[in-house]
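Results of the structural survey
Each chain, written out:
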Amino acid sequence: MPATDYQASFLGRISLRRNQVIAMDGNHEQEDLELFSKHVSERFTELLSPPDDVVFDTLLSISWLRKLLDVFLCCEAEFKAVLMMGDDDHPFQISKPPLDRLIHEFLDRSIKALDLCNAVTNGLDSVRHYQKLAEIAASALGQKPIGDGQARRSRKALNSLLMAMSVDDKECSAVKTTERSWSFSRLAVNKDRSPGHLRQVAKKWSAAKQIQAMTWNLVPPRGAEGSGLASPVYTMSVIMVFVMWALAAAIPCQERNGLSATYFPVRKQWSWDQSITGLHEKIAEEWKEKEKKGAAGLLSEVQKMEKLVRNLMEFTDSFQFHGGTDEKAEEAADHAAELAEICKRMEEGLLPLQMKIKEVFHRIVRSRAEFLQALKQGGKSSAPPV
Amino acid sequence: MDGCQSTIPTSEGDLHVVAAAHHIVKALGATKNLSDDLRKILIDLDAHLSMITSNTDSKGGRGFLDVEERLKQAERKILSWESDPRMIWDSGPREASEYLEAVDEIQTLVDGLQGLSVHENRKQKELIHRAMSVLQMAMSRLEEELIHIVVQHRQQFDPKYMSSRSTQTYVVYDESFVSVEDEPAEETSSRNCSSDEIGEFIVDLIHADVIPDIKSIAKVMFTSNYGPEFCEAFIGVRKEALEQYFAILDTEKLSIEDVLKLEWTNMSSKMNKWTWSMKIIVRVYLASEKQLCDQVLGDFGSVSSFCFLEISKATILCLLNFGEAVAMGPHQPEKLLRLLDMYETLADLLRDIDTLFPEEAGSFVRLQFHELLESLGDSSIAAFEAFRVAISSNGSLYPFPGGGVHPLNKYVMNYIRMFPEYCNTLNLLLKSQHADVEDQVIEPDNGPNLSLSTSCPMACHLRSITSSLESNLHRKSQLYKNEALQHIFLMNNIHYMVQKVKGSELRLFFGDEWIRKHNGKFQQHAKNYERATWSSVIYFLKDDNPGSSSLSKSTFKERCKGFSIAFEEVYKTQTSWSIPDPQLREDLRISTSLKVVLAYRTFLGRNPAHIEDKCVKHTVEHVEKLLLDLFEGSPRSLRNSRRW
């Protein structure tokens, strides 16, 4: 992250400018901005390393993602308050250059975020499918004693599950006629049945490209801009891009190739920089690992599931030839129980996560409308009277 | 027989009882007319009793032989199909039922074996494992058969038959508001979806003949606890079918970003298509899918609604997503009717959606539906507002040539003529919107219906719209330098408005009072026109000294000349003016004629001596005839007329 490169050269100037600004108009607007920035920082720090008294959620787990989305919603509400309330003192400031341009860019980004929300919602359906297959496998292996029938039953489900995961993963790069998970059987000849499990957002749509496009014109405000309302707009943009990026990394969605290339031009100027950069680096690291291994996304439940599925596959494979030793069977039963536990967590968490994503979606839509309205009104009032 | 723990009979007497019971059960089982359930119970009991007997035998070392034999037979059946390339259900009903019988037999044996309380019996364990293994094989096979049947017997139905209107004939008033100046569109259209509602229409998505087959597979898979496998397979194929149906409807998947970039004509046709697809998908396809799920899975409790939700959720969300995108977009006035169509469609479908997804699990879908309905309502109001703003702010730099009916007027009047069809919806949406009505019409109470429609929110908003239209037209009239033309323009336009109101359902909302008032307005403009044009012309024909005899020759000549020049001037300009409505044109000509011809005739009649004079260039008849050329919109001049 080249963010650190800036630090030395800019830091001095930034603090200088800050002092000047505060001297110039040390009003409560500046306080609001700093408070906003502080809250953002606190919220993301908690996501990065929660305080001891808070239940720890694994990074990129379903519950962690729900928290991340809650953080997004909180930041967004405060962001809007800062920008809109400012109107009392500075009516229609957001409709004046250069802020109007920044807001328009922000709104363009939020449209892309909406499509991403949809892509991820589709992806959750895939995860739901994994869950159902894992449930079958877990319940078959949960029976005692394990016989050939259960072993094969579970093997079939595990096989479908791995295939579904790899299909979704491949579809991230190319949407082809992929056989569905069940079609490895005698019906595989029947190729006219097409689509894979992942529902497309649109033809040629790409999550990775969308996120990259969101960052194209995302530059930290410079000069005098940096101290005004441009700064929360930038902050909120970074939050939005980050949240969407994290969702896309966690949940299967259309075309994720190149997701790791997303680059956030953050700088030490903001107090939240460290926590977001920290999270970004952690996730990016995991993504790099993932690209080596190949998996259906970084959702921690799915990752764990995949590991267990591979272990259990091994067990059922060997079972076929040697039958199970007691020790192995014991281990498999433990794994099956773990798998069942993950399924339970998915059963409890996936729908609320999906609803939370929809909530974010609707919030973005509503805020966009409010901003457009404010821009329009501001544009009218600031126009010279005829 | 779950939960029924057998104890091993110890005494000889007990064994006799068991043997007797077994005998009775077997005899009962052979009875032909048994219900399925009863037969199942007897079979279970049979297995159970035989198990007790054989178990007792096993003490002698020859145990489970009977069971093993039965298992072997069933196993043979299952295995024989494993190497067979044919599908069982394709091979005939006998094959299928034999296969199911074999599976039933295995299941019975498994139940029986598991029901025994003998622990750590090696033979029993071996048999259970063997039976479970065959059962798994059979279940896997049944899953394939299921997919095969569901795919092979899918029924195609053509969406075109779902509606009397073919997809091609979208006759809608789709003109963009922006294009008002370029291309006035007189021809409007009927609304596309209202009249031919798609009713509840359930079709067979899978051929009815194979439903019992699918049910029998479902039954045996659920009995063997392979329900989850059945569901996943069934959901998978049905989801695909829906996806393909979606493709047949030609509903292209668009991202929100794409939708927001669509051009109006494209957008409009997509909005239409959405309205139509939404109805078919919900009323026909999903209703039928729900029925299919119930038919196949109705016996297994909530499984049916779970599967239905999984099958349909993604498609519904995708459809709703387009709606969301449209509701977000800029709310141009021309979008209004399409938005209202979408709104009404959703409002109409709410009941269906609530029936399709009644459970808690479906609340997500229901919620999204309600949210979208609300945003479409808001967008409709916004588009309505934009329509009003567009009307009052529509500006022109140049006067509209000929003074005819302005395209803006045509656009607006033809557009609002559609409104009565959306009356209920508009009233609902506009209820809370303040109508800025300048010329408030207080309608006398002419019966409850009429007064209701003239005072409903839509009526107020309609009058507010036409009043901004009128003020705009007044502004446009100021662009004419010629005062008479200003009046012609206003007369034409107000007359047009009145005609449109009178000739449509709009009259119910505008009311007689409005019509009377506006009739008065355009007639006043007609009078003003006459005064502005003709009083100066007739001035030459005025009788200065009533009562005295004829004018002197020179005065007469002068007056004649003045009249002719003025008349010809009027002729030259006003032949290029236009009164598009033939009746109105006729009326104005008659009243002009009455005035001018009468004055001319009187003038000439008072001076009979000079009539033959060359200075009388036009005869009365000639003038009368020339007046007929006015307002035809094609400029003429009286050639060879410059003789003085």
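All chains use their own residue numbering, which begins from 1 and follows the written sequence. Ligands are numbered from 1 and chains lettered from A, in the order in which they are written. Restriction of local features to residues with pLDDT of at least 70 applies here, the model being predicted, together with a cutoff of 80 or more for giving and counting side-chain atom pairs; totals for whole chains, interfaces and linings are based on all residues. Each side-chain value is worked out from all heavy atoms of the structure, with water and hydrogens disregarded.

Let's talk about the overall build of chain A
Think of it this way: any DSSP run of H or I at least four residues long counts as a helix, any run of E at least two long counts as a strand, and we number them from the N terminus. When helices and strands are counted, chain A shows ten helices and zero strands. Its helices and strands in sequence order give chain A the pattern α-α-α-α-α-α-α-α-α-α, from N to C terminus. By residue count, 56% of the 386 residues in chain A fall in the buried class. Split by element, the accessible area of chain A, about 16700 Å² in all, is 54% carbon and sulfur. Residue burial is assigned from relative accessible area. The probe radius is 1.4 Å, only protein chains are included, and a residue is buried under 20% of its type maximum, exposed over 50%, and partly exposed in between. Per-residue and other accessible areas were derived by the Shrake-Rupley procedure at a 1.4 Å probe size, with only the shown protein chains allowed to occlude residues.

Comments concerning the overall build of chain B
A tally of helices and strands in chain B yields 21 helices and zero strands. Sequence-distant contacts, at least 24 apart, represent 81% of the contacts inside chain B between residues at least 6 apart. Carbon and sulfur atoms make up 53% of the accessible area of chain B, which totals about 29000 Å². Only heavy atoms matter for contacts: two residues are in contact if any of them lie within 4.5 Å across the pair.

Focus on the nonpolar core
Residues belong to a common nonpolar core when they are buried Ala, Val, Leu, Ile, Met, Phe, Trp, Tyr or Cys residues joined through side-chain atoms within 4.5 Å. Ranked by size, the top nonpolar core spans 296 residues in total, and within it Phe 44 and Met 305 of chain A together with Phe 230 and Phe 419 of chain B carry the most contacts. Those residues within four positions of Met 305 of chain A in sequence are excluded, and the remaining contacts are Tyr 130, Gln 131, Ala 134, Leu 161, Met 165, Leu 339, Ile 342, Cys 343 and Met 346 of chain A.

Brief notes about the side chain of Lys 253 of chain B
Residues and elements named next belong to chain B. Here Lys 253 lies in the loop between helix 7 (227-248) and helix 8 (256-261). Overall, the relative accessible area of 19% leaves Lys 253 in the buried class. Definition of a polar contact: a pair of N or O atoms within 3.5 Å, with one able to donate and the other able to accept a hydrogen when the atoms are protein atoms, and with sequence-neighbouring residues admitted only if both atoms are side-chain atoms. Of note is the side chain of Lys 253, whose polar atom sits 3.1 Å from the side chain of Glu 243.

Concerning the packing of helix 18 (residues 506-538) of chain B against helix 20 (residues 582-606) of chain B
A pair of packed helices is captured by two measures, namely the crossing angle of their axes and the spacing between those axes. Residue and element names in this part refer to chain B. The axes used here are C-alpha line fits, helices contributing only the stretch in contact, and every angle between their N-to-C directions lies in the interval 0 to 180 degrees. Interaxial distance between helix 18 and helix 20 falls to 11 Å at its minimum, and their mutual angle equals 30 degrees. As for how helix 18 packs across helix 20, the hand of that crossing is right-handed. In this structure, helix 18 uses Phe 522, Ala 526, Tyr 529, Glu 530, Trp 534 and Ile 538 to contact helix 20, whose residues at the interface are Leu 584, Leu 588, Ser 591, Thr 592, Lys 595, Val 596 and Ala 599. What makes a crossing left-handed is the near helix being turned counterclockwise from the far one by less than a right angle; a clockwise turn instead makes it right-handed.

Regarding the interface of chain B and chain A
Each partner contributes residues to the interface: chain B has 52 residues there, and chain A has 47 residues. As used here, buried area is the combined drop in accessible area, with a 1.4 Å probe, of two parts when they are placed together. In total, about 4300 Å² of surface goes out of reach between chain B and chain A, with carbon and sulfur atoms giving 54% of it. Taken as a group, Glu 232, Glu 240 and Met 328 of chain B account for 14% of the area that chain B buries against chain A, more than any other trio of residues on that side. Put simply, a salt bridge is a Lys or Arg side-chain nitrogen that is within 4 Å of an Asp or Glu carboxyl oxygen. Joining chain B to chain A, the criterion identifies four salt bridges. Of the charged contacts in the structure, one is a salt bridge between Glu 257 of chain B and Lys 112 of chain A, with a shortest N-O distance of 2.9 Å. At the boundary of chain B with chain A, the tally comes to 16 residue pairs in polar contact (both at pLDDT 80 or more). Breaking the side of chain B that touches chain A down by element, the ones donating at least two residues are helix 3 (65-82), helix 5 (122-152), helix 7, helix 8, helix 10 (303-328) and helix 12 (363-393) of chain B.

Overview of a negative patch on the surface
Taken together, the side chains of Asp 326, Glu 327, Glu 330, Glu 331, Asp 334, Glu 338, Glu 341 and Glu 348 of chain A make up a negatively charged region of the molecular surface. Residue position: Glu 330 of chain A is located in helix 10 (residues 326-382). Candidates for patches are residues over 30% relative accessible area with no salt bridge; among them, like charges are joined within 9 Å and nonpolar side chains (Val, Leu, Ile, Met, Phe, Trp, Tyr) within 5 Å. Counting rule applied: Lys, Arg positive; Asp, Glu negative; His and chain ends not counted. Charge coordinates come from a single atom per side chain, which is NZ of Lys, CZ of Arg, CG of Asp or CD of Glu.

Overview of the packing of aromatic side chains
Ring pairs shown here join Phe, Tyr and Trp side chains whose ring centres sit within 6.5 Å, with only the six-membered ring taken for Trp; geometry is labelled stacked below 30 degrees between planes, edge-to-face above 60, and tilted in between. Applying the stated rule across the entire model yields 26 aromatic pairs over all chains. Summarising the aromatic geometry, the rings of Phe 230 of chain B and Phe 234 of chain B are spaced 5.8 Å apart at their centres and angled 15 degrees between planes, so their arrangement reads as stacked. Of the two residues, Phe 230 of chain B and Phe 234 of chain B are both situated in helix 7; the distance of four residues between them amounts to about one turn of the helix. A relative accessible area of 0% places Phe 234 of chain B in the buried class. For the ring pair Tyr 415 of chain B and Phe 419 of chain B, a centre distance of 5.9 Å and an interplane angle of 75 degrees mean the geometry is edge-to-face. Look at Tyr 415 of chain B and you get buried, because its relative accessible area is 0%. Among the aromatic residues, ring-to-ring pairing joins Phe 384, Phe 387, Tyr 411, Tyr 415 and Phe 419 of chain B into one connected group. We note Arg 153 of chain A situated over the ring of Tyr 226 of chain B; from NZ or CZ to the ring centre the distance is 3.5 Å. In this structure, Lys 358 of chain A packs its charged tip against the face of Phe 361 of chain A, placed 4.2 Å from the ring centre. Only lysine NZ and arginine CZ atoms are considered, and such an atom sits over a ring when it is within 6 Å of the ring centre and within 35 degrees of the ring normal.

Considering unusual backbone geometry
Residues and elements named next belong to chain A. In this structure, Leu 60 takes a positive phi of about 65 degrees despite not being glycine. With respect to the helices and strands, the residue Leu 60 is situated in the loop between helix 2 (28-48) and helix 3 (62-85). Judged by relative accessible area, which is 0%, Leu 60 ranks as buried.

Considerations on a nonpolar patch on the surface
Taken together, the side chains of Leu 351 and Met 355 of chain A together with Leu 367 of chain B define a hydrophobic patch exposed on the protein surface, amounting to about 210 Å² of accessible area. Looking at the element boundaries, Leu 367 of chain B is found in helix 12.

Examining the confidence of the model for chain B
Residue and element names in this part refer to chain B. Looking at chain B as a whole, the pLDDT averages 83, with 82% of positions reaching at least 70. pLDDT is a per-residue confidence score from the predictor, ranging from 0 to 100. For the stretch residues 57-62, pLDDT sits under 50, and the model shows six contacts to residues farther than four places along the chain or on other chains. Low pLDDT (under 50) marks residues 164-172, which in the prediction has 18 contacts with non-local residues, meaning those over four places away or in another chain. Reported confidences for the modelled complex are a pTM of 0.83 and an ipTM of 0.85.

Thoughts on the environment of Ser 255 of chain B
Here Ser 255 of chain B is to be found in the loop between helix 7 and helix 8. Between the C-alpha atoms of Ser 255 of chain B and Asn 321 of chain B, which are 66 residues apart in sequence, the distance is 8.6 Å. Excluding its chain neighbours within four sequence positions, the residues that come into contact with Ser 255 of chain B are Asp 115, Val 201, Ala 202 and Trp 205 of chain A.

What about the confidence of the model for chain A?
Residues and elements named next belong to chain A. Across chain A, pLDDT averages 79, with 77% of residues at or above 70. The spread of mean pLDDT over the elements of chain A runs between helix 1 (residues 3-24), the lowest at 38, and helix 4 (residues 99-141), the highest at 94. Considering only residues more than four positions removed or in separate chains, one finds that residues 1-26, a stretch of pLDDT under 50, has 26 contacts. pLDDT under 50 marks residues 172-196. Its contacts with residues more than four places away, or in other chains, come to 64 contacts.

Regarding the environment of Lys 273 of chain B
Residues and elements named next belong to chain B. Considering the arrangement of structural elements, one finds Lys 273 in helix 9 (residues 264-297). In this structure Lys 273 comes out as partly exposed when scored by relative accessible area, which is 23%. Sequence spacing of Lys 273 and Glu 385 is 112 residues, and the spatial spacing of their C-alpha atoms is 25 Å.

Focus: the pattern of salt bridges
Residue and element names in this part refer to chain A. A full pass over the atoms with the stated rule returns 43 salt bridges over all chains. Across the pair Arg 109 and Glu 105 runs a salt bridge whose closest N-O atoms are separated by 3.9 Å. Separated by four residues within a single helix, Arg 109 and Glu 105 lie in helix 4, roughly one turn from each other. Considered together, Arg 109 and Glu 105 belong to a single accessibility category, that of buried residues.

Regarding the environment of Gln 433 of chain B
All names here are of chain B. For Gln 433, the location among the structural elements is in the loop between helix 14 (423-430) and helix 15 (448-455). Through-space distance from the C-alpha of Gln 433 to that of Glu 385 is 9.6 Å; in sequence the pair is 48 residues apart. With residues up to four places along the chain from it excluded, the contact list for Gln 433 reads Ile 381 and His 461.

Details of helix 10 of chain B
Note: α-helices contain 3.6 residues per turn, so residues at a spacing of three or four share the same orientation. Residue and element names in this part refer to chain B. Residue count minus one, scaled by 1.5 Å, sets the expected span of a helix. For helix 10, spanning 26 residues, the distance from its first C-alpha to its last is 37 Å, which sits close to the expected 38 Å at 1.5 Å a residue. Bend angle per residue: angle between axes fitted to the 7 residues ending at that residue and the 7 residues starting there. Along its length, helix 10 reaches its greatest deviation from straightness, about 40 degrees, at Ser 312. Within helix 10, 24 of the 26 residues are buried, which leaves it mostly tucked inside the rest of the structure.

Examining the side chain of Ser 61 of chain A
All names here are of chain A. Its location among the elements puts Ser 61 in the loop between helix 2 and helix 3. Polar contacts involving the side chain of Ser 61 include one to the main-chain carbonyl oxygen of Thr 58, which spans 2.8 Å. Setting aside residues no more than four positions away along its own chain, Ser 61 makes contact with Leu 299, Ser 300 and Glu 301.

Describing the packing of helix 10 of chain B against helix 12 of chain B
Residues and elements named next belong to chain B. Across the interface, helix 10 lies against helix 12 with an axial gap of 10 Å and an inter-helix angle of 15 degrees. Classified by the angle between their axes, helix 10 and helix 12 sit roughly parallel to one another. Classified by chirality, the crossing of helix 12 by helix 10 is left-handed. Here Leu 309, Lys 313, Ile 316, Leu 317, Leu 320, Gly 323, Glu 324 and Ala 327 of helix 10 lie close against helix 12, whose contacting residues are Phe 364, Val 365, Gln 368, Phe 369, Leu 372, Ser 375, Leu 376 and Ser 379. Gly counts as polar in this scheme, as do all residues outside two lists: the nonpolar Ala, Val, Leu, Ile, Met, Phe, Trp, Tyr, Cys and Pro, and the charged Asp, Glu, Lys and Arg. Within the contact of helix 10 with helix 12, the residues separate by chemical class into ten nonpolar, four polar and two charged. For classification, angles of less than 35 degrees are called roughly parallel, those exceeding 145 degrees roughly antiparallel, those between 65 and 115 degrees roughly perpendicular, and all remaining angles oblique.

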